[in-house]
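Here is what each chain is made of, one letter per residue.
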Amino acid sequence: MFSPVSGRSVVVTGGTKGIGKGIAAVFAQAGARVTIVGRDEATAQAATAELASGGADVAFVVADVSRPADCTRMAREVVAQRGGIDVLCANAGIFPAQKLADMSEADFDEVFDTNVKGCVFSVQACTDALAASGHGRVVLTSSITGPITGYPGWAHYGASKAAQLGFLRTAAIELAPKGITVNAVLPGNIATEGLADLGEDYLATMAASIPLKRLGDPEDIGYAALFFASDEAGYVTGQTLVVDGGQILPESLEALAAAEA
Ligand code: NAP
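Residues numbered from 1 in each chain as written. Predicted model: local features only at pLDDT ≥ 70, side-chain atom pairs only at ≥ 80, totals over all residues. Heavy atoms only, no water.

A. Highlighting the sheet that holds strand β2 (residues 33-38). If you trace the seven strands from one edge of the open sheet to the other, you get β3-β2-β1-β4-β5-β6-β7, paired in parallel fashion. Because the sheet does not close on itself, it has two edges, and the strands there are β3 (57-62) and β7 (240-243). For this sheet, the mean angle separating the axes of adjacent strands, direction not counted, is 20 degrees. Here strand β1 (residues 9-13) runs beside strand β4 (residues 87-90); their pairing, made up of three bridges, is parallel. By the bridge assignment for β4, Val12 is matched with Cys89. Those strands touched by helix α3 (residues 68-82) are β1, β2 and β3, and its axis lies near 150 degrees from that of β3. The sheet strands contacting helix α8 (residues 218-229) are β4, β5 (137-141), β6 (181-187) and β7, and the helix crosses β6 at an angle near 165 degrees. (Pairing = 2+ DSSP bridges. Helix = DSSP H or I, 4+ residues; strand = E, 2+ residues; numbered from the N terminus. Axes fitted to C-alpha atoms, helices over the stretch in contact; angles between N-to-C directions. Contact = heavy atoms within 4.5 Å.)

Below, the structure is given as structure tokens:
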């Protein structure tokens, strides 16, 4: 039996849409006090209203995680409003596609600024509050893309998601004396607003390649984050958990199709 996370203050960056909103919903349903973070105020307001509609305790802060000053303000506002931070889900990320041949320095910087620097700045900004909680938890949203797989157009994105794991391992060591664990969820293809932008063909091809034969739901990632945030996972740090319906498993898609026929 897992101890409840009810009453814990949980920050979810990129919590206004997609996977982050699914993570926020899972923690809110578990009774946590959740603060979601995104750049667009109208989207944040709408997501907060939706998540709080069942009586859950959800608030938002507008911030751009690629800016260190925004991350500092975000942490300050959450501490002021919630009295502290127990869990940081550093989830905000972008995945614009660009083939290597056409990739500019600006394309590369855009992805790294949000996915890598944003992750690092969020953790830095929340460290004191997480340490003060006595049981701080950081859960990163990486990806199978980069750490395990590749996909045309996502060389910069894959590099950013692999970089998050390099950060994770040293952050886990540095933050361990403060009682903070740092772990990561590696989602496969999850049905989000961002993924929908890639088009029906992409979604159908991906669903067919997944042994469980469906895209993941944002809440599937939320349940993995909830495990890493639990008291019972207090001895787990610097680790990763793939949540992908088995997508990385087949040695050959043709063999998978033949076995299913
Ligand atoms: P999404 O639907 O596009 O949502 C992205 C969220 O991040 C939004 O709330 C967005 O809000 C916020 N965001 C983006 N840039 C930000 C910034 N600079 N500062 C603060 N917030 C920012 O994306 P998603 O599919 O849920 O992806 C979420 C995370 O999961 C990403 O890290 C992504 O790499 C990872 N992931 C996704 C999948 C998938 O299949 N969907 C698979 C593997 C990994 P604003 O635009 O208003 O800022």
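B. Representation of the packing of aromatic side chains in the model. Counted according to the given criterion, the structure contains nine aromatic pairs. Relative to Phe227, the ring of Phe2 lies with its centre 6.2 Å away and its plane at 80 degrees, an arrangement referred to as edge-to-face. A residue pair is termed long-range when its members are at least 10 positions apart, and Phe2 in the segment before β1 and Phe227 in helix α8 qualify at 225 residues. Relative to Phe112, the ring of Phe108 lies with its centre 4.3 Å away and its plane at 15 degrees, an arrangement referred to as stacked. Pair noted here: Phe108 and Phe112 are both in helix α4 (residues 105-133), with a separation of four residues, about one helical turn. A residue is classified by how much of its surface remains accessible, and Phe108, at 34% relative accessible area, is partly exposed. Members of the aromatic cluster, each reached through a chain of ring pairs, are Phe95, Tyr151, Trp154, Tyr157 and Tyr202. (Phe/Tyr/Trp six-rings, centres within 6.5 Å; stacked < 30°, edge-to-face > 60°. Buried < 20%, exposed > 50% of the residue type's maximum accessible area, 1.4 Å probe, protein only.)

C. Structural view of the side chain of Thr127. Mapped onto the elements of the fold, Thr127 is located in helix α4. Setting aside its immediate chain neighbours within four residues, Thr127 contacts Leu175, Lys178 and Ile180.

D. Molecular detail of α3. Look at α3: 21 Å from first C-alpha to last across 15 residues, which is about the 21 Å you get at 1.5 Å a residue. Looking at the buried positions of α3, the neighbouring elements they touch are β1, β2, β3 and α4. (Expected span 1.5 Å × (residues − 1).)

E. Fine view of the site of the ligand. In the region of the ligand, 30 residues are neighbours, and Thr16, Arg39, Tyr157, Ile190 and Thr192 sit closest. At a separation of 3.3 Å, an oxygen atom of the ligand approaches a polar backbone atom of Gly14. Within the side chain of Tyr157, an N or O atom sits 2.6 Å from an oxygen atom of the ligand. For the ligand, whose unbound accessible area comes to 890 Å², protein coverage reaches 94%. Taken together, the elements giving at least two residues each to the shell around the ligand come down to α1 (18-29), α5 (155-175) and α6 (193-196). Per element, the largest residue contribution to the shell around the ligand is three residues, and it comes from α6. Among the residues forming the shell around the ligand, the class breakdown is ten nonpolar, 14 polar and six charged. (Near = heavy atom within 4 Å. Polar contact = N/O pair within 3.5 Å; in protein donor to acceptor, adjacent residues only side chain to side chain. Areas by Shrake-Rupley, 256 points an atom, 1.4 Å probe, with all protein chains shown as cover. Nonpolar A, V, L, I, M, F, W, Y, C, P; charged D, E, K, R; others polar.)

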